[in-house]
Amino acid sequence: MQLLAFSRGGADRAGTRLGIRTDAGIRDLTERLGVADVGELLSRGIPADELRTSGRELVDPASVTMRAPISRPGKIICVGLNYHDHCREQHVEPPRYPMLFSKFANAVADPGATVTRPRATEKLDLECELAVVIGRRASRITREEAASAIFGYTVLNDVTMRDLQKEDRQWLRAKGSDRFAPMGPVVVTADEIGDPQALRMRSAVNGETWQDSTSAEMVFDVASIVAFASRTITLEPGDVIATGTPAGVGHYQSPPRYLTGGDVMRCEIKGIGAIENPVVDDEPRLDDHEAAAGIGELVAG
Ligand code: MG
């Protein structure tokens, strides 16, 4: 089953509707179920069987705007350094246990939405990631129990400012800024995805391939990550866990490459689909003198 959120034109989030993708088109589930996206669906605990029989109205996919399937996740947990090939490209040993960090709901962006490059960075980069969507409350579960907590999977782009990632010495601004987690285009349920450790993953910028790998390169597999996170963090329905990125990001290319206004990022995982997000440069809001003064006040305060 492939679930998605969409709207019929306009950027109004209130107009978002939940749909199920079928061969004939998108079946609109909102009227019947009264929920606007996958996150709401999971929070309400509506059983999957009900989805299969709900919604008669068919919508032409070409006539809609795709939305992030979960617009306000309670948590976005991410994993750093979780691909062997990504560790190799930066000449570091894989970590001994999953390295968790987080993004907030402000980072969620729709498939197709623009991502603004903040003026604070010269080194904007992308990371194509397999994201787990949690289906039930889970605390201190085992690796074997993890499968029962996973509702499905989606694609997430862990957009990153490499200069701030280094300078800040932790990753909140570098990875948590607005729209730094484009997500979608659908959530594919776990039964349909098959083996989550055998999915081809690719990213491209302006049509040129940057990353081309598979989820078999993960240091810690999906089940291990879910179990590990649940040891200390109660997972809730609709939470999202981005499981790390493979080799090929711009920062570790030779020479390094970074994103700028006009570039188009594409992240794709086989069996789920692709999201494309254009980059735009932020407009100056303060002139240099005012910006410097503003920072001075913050530091002095
Ligand atoms: Mg990442």
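Shown above is the structure to which this text applies.
Structural notes, computed from the coordinates. Everything quoted here is computed from the prediction, not taken from an experiment. (Residues numbered from 1 in each chain as written. Predicted model: local features only at pLDDT ≥ 70, side-chain atom pairs only at ≥ 80, totals over all residues. Heavy atoms only, no water.)

## A word on unusual backbone geometry
Keep in mind that most residues, glycine aside, have a negative phi and that most peptide bonds are trans. The condition that has to hold: Secondary structure elements are defined from DSSP: runs of H or I of at least 4 residues count as helices, runs of E of at least 2 residues count as strands, and each element is numbered from the N terminus. Relative accessibility thresholds used throughout: buried, under 20% of the residue-type maximum; exposed, over 50%; partly exposed, between the two (1.4 Å probe, protein chains only).
A cis amide bond links Gly-184 with the next residue in sequence, Pro-185, at an omega value of -5°. Of note, Pro-185 is situated in strand S14 (residues 181-189). A cis amide bond links Ser-254 with the next residue in sequence, Pro-255, at an omega value of -5°. Note on placement: Pro-255 falls in the loop between strand S17 (240-242) and strand S18 (264-269). Positive phi, normally seen in glycine, also occurs at Arg-179, with a value near 65°. Inspection of the secondary structure assignment puts Arg-179 in the loop between helix H7 (172-176) and S14. Residue classification places Arg-179 among the partly exposed residues on the basis of a relative accessible area of 37%. Residues other than glycine seldom take positive phi values, yet Asn-206 does so here, at roughly 50°.

## What about the pairing of strand S3 (residues 25-28)?
Two faces belong to every sheet, and in a regular strand the side chains alternate between them. The condition is simple: Two strands qualify as a pair provided that DSSP identifies no fewer than 2 bridges between them.
Of the pairings in the sheet, the one linking strand S2 (residues 17-22) to S3 comprises 4 bridges and is antiparallel in character. Bridge pairing links Arg-21 to Ile-26 in S3. Two successive antiparallel strands, S2 and S3, enclose a turn made up of 2 residues. Sheet topology places S3 next to strand S4 (residues 58-59); 2 bridges connect them, and they run antiparallel. By the bridge assignment, Arg-27 is partnered in S4 with Leu-58.

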